[in-house]
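Here's the letter readout for the chains.
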Amino acid sequence: MTRGEPDTRPSEARLRLLTTATRLFYAEGIHSVGVDRIIAEAKVTRATFYRHFPSKDDLILAYLRDVHQMDRRAVDAALATNPSPLDTLLAIAGSIAQNIQSPGFRGCAFLNAAAEYPDTNHPVNQEIITHRQWFLDTLTMLMAQVHEETAAPAARHFVMLRDGAMAAGCLYDPALVSETFVRGVEGLLRINAERRSTTSR
């Protein structure tokens, strides 16, 4: 950083608060974790907390945006390292399967938050919808390169397979759930690729 250039890096205290909130919100639920506990475990003052997050809702939104960025990085990596849309979609499915089998997995952070914030007018619920729309739009774009006419329903099918796997992954054998999910995606892609072959004749 050159002299006179502003330091735009997040403060250590903000990162500590967000890291602590992410761990607790995901493991225990959002409503069950209070601000006082986050402050205590992050080892910051109340004034520091409110300087970075004027309300708990602001912290929740930051948490969801941070999870969104993690998901986005995984998708971007799949896009960058795979030459075809089929390979990219399989890589996205593989990343989801890997996540399901990771230690401490407790389902989808966004679906969990949606269960706690069902009001569609609430900013938290709107953040959830924004994330899910981004994911659906990304899948639809990729599916259109496989078979344009069925891209929208195929993308919705992928999302439903993913949602089911994320819910089942913390209830049943995560390895079996992951295998079932990946095979479901493979079948979905095979069907749509065959449709493209048929219509191109």
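Residues numbered from 1 in each chain as written. Predicted model: local features only at pLDDT ≥ 70, side-chain atom pairs only at ≥ 80, totals over all residues. Heavy atoms only, no water.

### Some thoughts on the overall build of the protein
Argument step 1. When helices and strands are counted, the protein shows nine helices and zero strands.
Argument step 2. Overall size of the protein, expressed as C-alpha extent along the three principal axes, is 65 × 50 × 35 Å.
Argument step 3. A burial count over the protein gives 39% of its 201 residues as buried.
Argument step 4. Here the contacts in the protein between residues at least 6 apart in sequence split such that 68% fall between residues at least 24 apart.
Argument step 5. Within the protein, one finds 22 positive and 23 negative side-chain charges whose respective centroids are separated by 3 Å. (Helix = DSSP H or I, 4+ residues; strand = E, 2+ residues; numbered from the N terminus. Buried < 20%, exposed > 50% of the residue type's maximum accessible area, 1.4 Å probe, protein only. Contact = heavy atoms within 4.5 Å. Lys, Arg positive; Asp, Glu negative; His and termini not counted. Charge placed at Lys NZ, Arg CZ, Asp CG, Glu CD.)

### What about the confidence of the model for the protein?
Argument step 1. Summary statistics for the protein give a mean pLDDT of 93 and a share of 92% for residues scoring 70 or more.
Argument step 2. In this model residues 1-8 is a low-confidence stretch, pLDDT under 50, and it forms two contacts with partners more than four residues away in sequence or in other chains. (pLDDT = per-residue confidence, 0-100.)

### Details of the packing of helix H7 (residues 123-146) against helix H8 (residues 151-168)
Argument step 1. At a closest axis distance of 8 Å, the pairing of H7 and H8 adopts a crossing angle of 130°. As the angle between them shows, H7 and H8 are arranged oblique. The two elements H7 and H8 meet at a crossing, and its hand is right-handed. Facing Arg132, Phe135, Leu136, Leu139, Thr140, Met143 and Ala144 of H7, the residues of H8 in contact are Ala151, Ala152, Ala154, Ala155, Arg156, Phe158, Val159, Arg162 and Asp163.
Argument step 2. Of the residues belonging to the contact of H7 with H8, the class tally is 11 nonpolar, one polar and four charged. (Axes fitted to C-alpha atoms, helices over the stretch in contact; angles between N-to-C directions. Parallel < 35°, antiparallel > 145°, perpendicular 65-115°, else oblique. Left-handed = near helix turned anticlockwise from the far one by under 90°. Nonpolar A, V, L, I, M, F, W, Y, C, P; charged D, E, K, R; others polar.)

### Structural notes on unusual backbone geometry
Argument step 1. Despite not being glycine, lysine 43 shows a phi value in the positive range, around 60°.
Argument step 2. Here lysine 43 is to be found in the loop between helix H2 (35-42) and helix H3 (46-52).
Argument step 3. Given the relative accessible area of 68%, lysine 43 is considered exposed.

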